[in-house]
Amino acid sequence: MCGIVGYVGRRQAGPVLLNCLGKLEYRGYDSCGIAVSSGDLVVYKDAIRVKALAETLPRSIEGKAGIGHTRWATHGEPSQVNAHPHCDCTGRIAVVHNGVISNFQKLREQLSGEGHHFVSETDTEVIPHLIEKYYAGDLAKAVELALGEVEGSYAIAVLMSGESRLVVARKDSPLIIGIGDRENFIASDVPAILDYTSQVLYLEDGDIGVVTPGGVEVSQHGKVVRRERHTISWTVEDAQKGGYEHFMLKEIHEQPKVIRDTIGGYVSAAEPPAHLATMGDISLEEILILACGTSYHAALIGKYLMEELFKVAVRAELASEFSYSGRASSVSRAIVITQSGETADALKAIRKLKGEGCQVIVITNVVGSTASRLADQTVYTRAGPEISVAATKSFIAQLMALYWLALPYAKIDIRRLDGLVMELRQLPGKVQRVLDSEATISEYARQLARCEDVFFIGRGINFPVALEGALKLKEISYIHAEGYAAGELKHGPFALLGRETPVVAIVAQDNTYEAMLTSIKEVKARHSPVLALAEEGDEVVGEVADSVITLPRVDALFSPVLNAVALQLLAYYTARERGCPIDFPRNLAKSVTVE
Ligand code: F6R
C-alpha cells in the first residue's frame, strides 16, 4: 500500500527521502517519487523501484525539505504520470497522499471548469489544485480550506517551493511525525524513520500539522492541540534482515522470541502457574471476533479455543464481509484482530461495532495504529516490525494474545489450567525444535515446488491452520493452494485429486485424530500423495501417509502454533525453490488500507 515520507532539517533531503522510502518498500508498491524544495520544486517520479529512482536522480539535489511516496495503484495504472508527488498548475505546490478521495470526480470537474489543468488519472491530483485555489500566502490555511472540500480518507504531506516546512494532515489514514535534533520527519509507518529517530508523535484524525526543522505545531479546527511524544521500542536491527536471505525467514526464526515477549506480559515465571494477568471483566455471553486474511485465521483458531475453554458459542467473521450484513452484531463486546492496525476493512468493522455501542478489544502489533485508537482496549502483540508481506510472526503473536484473552476465563479444572500455562511456557522451546527441522521440511518443499495444485486439510482447531498453510503457500510461491476442513474434501474437491495433486494433512492428538486418519486414507485411495504433520511418537500416521513432518508433542490446543510454523517453513522453501520474490509477492501489499 502507499507510503509517505517527508523531511525538513539540516541535511540534504533527497538521500534521506530515498532511504526512508526504501524502508517502506515492504508495504508493496508499483511507483515512487520525491519532491524537494530547492528554490523551485524539483519532482522525480516513475513507475520503478526506489533503487532505480535513486539511479536516475542527478548527483546532488540541493534542498533541505522534501516529500516522497511509494504508490500502490488504485486510481489509474502504475505510470510516471500517475506516480506521486502531484503538483498544482504552477508547479509550486507538491502533494503526496495515502487514502482515497471519494468525491474526486466532482472536484475535478469543478476545478477543470475553473481553469485547472489535470495530467493524471489519480484522485490525489485534486488536492494540490484545491490548495492552489485557496492559497493566499498561508499554506496551512490553504490546506485546511482545501481539505474542507474533500471527502474520503487521506494522509497527506504538502511541500511548497521555497519553503522549509511541510504541512501534513490526516483522516482515516495513518501519519506519524518523527522528532529529531534540528530536523523532523514524517512517515506513514515507523520503520521508515527508524534510522534517524525513535521519538514520534501520532497525528489524530482531523489534525493539520506544520513541521519545521525546529518544531511541530498541530491544530484541529484552527485550534492548537498537543500530541504526546512516544518512544518507539523497535530498533533499526529489528527492521533489517540480520544475515537471513529473506525477511520472511528471519521473521519465522524470531518466533520463539516473539512468543516469549508476547506471553511475558502475562505468564510470569515467578508466579504460580495459574496466575495470569487478565483484561478485567469480559462478558463471555457472546463473543464475536473479526479480522481479515491471516488475522482471520487467527480469529478462527480463537473461536475453537474459546469454545473449548468457555463452552459458549463464539463467532469468527471476516471483517471485510461484516459491514454488509443486514443484521446488527448483537454483541456487547467484540475482538478485532489486525496486525497492522490499518486494514481498511477491519477499521470499517470497528466503526460499525462502535456505532452499535459495542466495546471493542483490538489485537494489533502496531502501537498508535488507527485500530488501537478506535479501540476501547488494545492488546499489543510484541512481534516487532514485520517487513515480509506474508504474515508469520505477527500471526503467532496474535495466537498468543488470544491465549491470553482466553485462559483466565477458562471454565476448566485448575489442574488442566496449570497444565496449559505450563505448556505455554514451553512453547518457545517447542517452536525452536520445529525450526530445527528446517532441513527436512525444505526437502519436502522441493517436491511441492513442482506441483501446480496443493490441498491442505485439518479438522477442529487445526482447520484454520489448513487455511493458513494454503494462504501462505499461494501468496509467496504462486502455487494454487486450497485449505479445507478435512471432512469437506469428499463434498466436491475429491474431483480434483490425483497423483499430481498432493495433500498436506494436519493430524492433531485430539478428538479429530481418528477422523483425520480416515480422511488421509480416502485421499490416498484417490492416488494423491499425502504429506502429514504429526506428533512425534505417532507410529500410525506414517503407515497411512506417504511422508510425515514430525513435530514435538504439545497439548492439542497449542498444536496450531507448531503446525503453523512448520507450514510457514514449507511455504517459504517452496517459494524459494521456485525463485519467487518471497518478501514482496506480486500484487500484494503489507497493509491493505483500501476497501
Ligand atoms: C497474509 C497477510 C494478509 C493479512 C491481511 C490482514 O500473509 O498478511 O492476509 O493478514 O491483509 O492484515 P492485518 O492483520 O494487518 O489487518
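Owing to the predicted nature of the structure, the values given are computational and were not obtained by experimental measurement.

The next subject is the overall build of the chain. Scanning the chain for helices and strands turns up 18 helices and 25 strands. Scaling as 2.2 N^0.38, a compact globule of 595 residues should have a C-alpha radius of gyration of about 25 Å, and the chain matches this with 25 Å. A principal-axis box enclosing the C-alpha atoms of the chain has dimensions of 80 × 50 × 45 Å. Across the chain, the fraction of contacts at a sequence separation of at least 24, relative to all contacts at a separation of at least 6, is 71%. Total accessible area computed for the chain in this model is approximately 22300 Å², and 49% of it derives from carbon and sulfur atoms. One way to put it: in the chain the 60 positive side-chain charges average out to a point 2 Å from where the 74 negative ones average out.

In terms of domain boundaries, the chain breaks down into domain 1 (3-238), domain 2 (241-434) and domain 3 (437-583). Contacts between domain 2 and domain 3 engage 38 residues on the former and 35 residues on the latter. Note on domain 2 versus domain 3: buried area summed over both sides is about 3200 Å², and carbon and sulfur give 67% of it. Where domain 2 meets domain 3, there are three salt bridges. Between Asp555 and Arg416 there is a salt bridge; the shortest N-O distance is 2.7 Å. Within the residue set of the side of domain 2 that touches domain 3, elements represented by two or more residues are α6 (247-253), α7 (255-264), α8 (293-310), α12 (393-406) and α13 (414-436). For the side of domain 2 that touches domain 3, the residue count by class is 23 nonpolar, eight polar and seven charged.

Two numbers describe how α13 lies on helix α18 (residues 559-577): the axes approach to 9 Å, and their chain directions differ by 30°. Considering their axes alone, α13 and α18 lie roughly parallel with respect to each other. Helix-helix and strand crossings are classified by hand; for α13 and α18 the assignment is right-handed. Here α13 contributes Leu427, Lys430, Val431, Val434 and Leu435 to the contact with α18, which in turn contributes Val561, Leu562, Val565, Ala566 and Leu569. Partitioned by chemical class, the residues of the contact of α13 with α18 number nine nonpolar, no polar and one charged.

On to the sheet that holds strand β17 (residues 314-318), then. The parallel open sheet is built from five strands, whose spatial order is β17-β16-β18-β19-β20. Of all strands in the sheet, those bounded by a partner on one side alone are β17 and β20 (377-380). On average, adjacent strands in this sheet sit at an angle of 20° to one another, irrespective of strand direction. When strand β16 (residues 287-291) meets β17, the two strands line up parallel, connected through five bridges. Bridge pairing in β17 links Ala291 to Leu318.

A word on the packing of aromatic side chains. This structure, assessed with the given rule, holds five aromatic pairs. For the ring pair Tyr572 and Tyr573, a centre distance of 4.9 Å and an interplane angle of 90° mean the geometry is edge-to-face. The pair Tyr572 / Tyr573 is uniform in exposure class, with both members buried. Ring pairs connect the aromatic residues Tyr7, Phe185 and Tyr196, which therefore count as one cluster. The lysine or arginine in question, Lys352, covers the ring of Phe322, its NZ or CZ lying 4.5 Å from the ring centre. Across from the ring centre of Tyr478, 3.7 Å away, lies the NZ or CZ of Arg586, which sits over that ring.

Our focus in this paragraph is the pairing of strand β25 (residues 547-551). Side-chain positions along a regular strand alternate between the two faces of the sheet. Burial along β25 is one-sided: Ser547, Ile549 and Leu551 are buried, while Val548 and Thr550, pointing the other way, are not. Taken together, strand β24 (residues 530-535), helix α17 (residues 539-544) and β25 form a β-α-β motif whose crossover is right-handed.

Moving on, we come to the pattern of salt bridges. Any two side chains of opposite charge can pair, given that their charged atoms come close. Scanning the entire structure with this criterion turns up 29 salt bridges. For Asp172, the salt bridge identified is with Lys171, shortest N-O distance 4.0 Å. We classify Asp172 as partly exposed; its relative accessible area is 27%. Residue Asp546 is joined to Lys524 by a salt bridge in which the shortest nitrogen-to-oxygen separation is 2.7 Å. One end of the pair, Asp546, is in the loop between α17 and β25; the other, Lys524, is in helix α16 (residues 513-525), with 22 residues separating them in the sequence. The exposure class of Lys524 is partly exposed, given its relative accessible area of 27%.

Our focus in this paragraph is the environment of His97. If you trace the backbone, His97 turns up in strand β6 (residues 93-98). Take His97: its relative accessible area is 1%, and that puts it in the buried class. Each C-alpha atom of the pair His97 and His246 lies 29 Å from the other, and the pair is 149 residues apart in sequence. Each residue touching His97, except ones within four places of it in the same chain, is listed here: Cys2, Ile4, His69, His84, Asp123, Thr124, Ile127, Ser153, Tyr154, Ala155 and Ile156. Separated by 2.7 Å, the side chains of His97 and Thr124 make a polar contact. Of the polar contacts made by the side chain of His97, one reaches the backbone oxygen of Ser153; its length is 3.3 Å.

The subject of this paragraph is α8. End to end, α8 covers 25 Å across 18 residues, agreeing with the expected 26 Å (1.5 Å per residue, within 8%). Taking burial as the measure, the 18 residues of α8 include 13 buried ones, the bulk of the element. Directly beyond the C-terminal end of α8, a positive phi value near 60° is found at Lys311.

Turning our attention to the site of the ligand. Surrounding the ligand, one finds 14 residues, the nearest of these being Ser295, Thr338, Ser340, Thr343 and Glu475. Backbone polar atom of Thr294 to an oxygen atom of the ligand: 3.0 Å apart, as the coordinates give it. Between the ligand and the protein, one listed contact pairs an oxygen atom with a backbone N or O atom of Gln339 at 2.8 Å. Of all the elements, α8 adds the most residues to the shell around the ligand, at three residues.

Let us now look at the environment of Glu577. Within the fold, Glu577 resides in helix α18. Separated by 240 residues in the primary sequence, Glu577 and Ile337 have C-alpha atoms spaced 32 Å apart. Beyond its immediate sequence surroundings of up to four residues, Glu577 is in contact with Arg446 and Ala449.

Moving on, we come to the sheet that holds strand β1 (residues 3-8). Backbone hydrogen bonds hold the strands of a sheet together, and the pairing may be parallel or antiparallel. A sheet is described by the order of its strands in space; here eight strands give the open sequence β3-β2-β4-β1-β10-β9-β11-β15, paired in antiparallel fashion. Strands with a single pairing partner mark the edges of an open sheet, and in this sheet they are β3 (40-46) and β15 (229-231). Neighbour-to-neighbour, the strand axes of this sheet turn through a mean angle of 20°, independent of strand direction. One ladder, built from four bridges, connects β1 with strand β10 (residues 184-187); its direction is antiparallel. Note on β10: the bridge partner recorded for Tyr7 is Phe185. In this fold helix α1 (residues 13-23) packs onto β1, β2 (31-38), β4 (65-71) and β10, with an angle of close to 155° to the strand it touches most, β2.

About the criteria used
- Residues numbered from 1 in each chain as written.
- Predicted model: local features only at pLDDT ≥ 70, side-chain atom pairs only at ≥ 80, totals over all residues.
- Heavy atoms only, no water.
- Helix = DSSP H or I, 4+ residues; strand = E, 2+ residues; numbered from the N terminus.
- Rg over C-alpha atoms; globule rule 2.2 N^0.38 Å.
- Contact = heavy atoms within 4.5 Å.
- Areas by Shrake-Rupley, 256 points an atom, 1.4 Å probe, with all protein chains shown as cover.
- Lys, Arg positive; Asp, Glu negative; His and termini not counted.
- Charge placed at Lys NZ, Arg CZ, Asp CG, Glu CD.
- Domains from an automatic or database assignment.
- Buried area = accessible area lost by both parts, 1.4 Å probe.
- Salt bridge = Lys/Arg side-chain N within 4 Å of Asp/Glu carboxyl O.
- Nonpolar A, V, L, I, M, F, W, Y, C, P; charged D, E, K, R; others polar.
- Axes fitted to C-alpha atoms, helices over the stretch in contact; angles between N-to-C directions.
- Parallel < 35°, antiparallel > 145°, perpendicular 65-115°, else oblique.
- Left-handed = near helix turned anticlockwise from the far one by under 90°.
- Pairing = 2+ DSSP bridges.
- Phe/Tyr/Trp six-rings, centres within 6.5 Å; stacked < 30°, edge-to-face > 60°.
- Buried < 20%, exposed > 50% of the residue type's maximum accessible area, 1.4 Å probe, protein only.
- Lys NZ or Arg CZ within 6 Å of the ring centre and 35° of its normal.
- Right-handed = clockwise from strand over helix to strand, strands pointing away.
- Polar contact = N/O pair within 3.5 Å; in protein donor to acceptor, adjacent residues only side chain to side chain.
- Expected span 1.5 Å × (residues − 1).
- Near = heavy atom within 4 Å.

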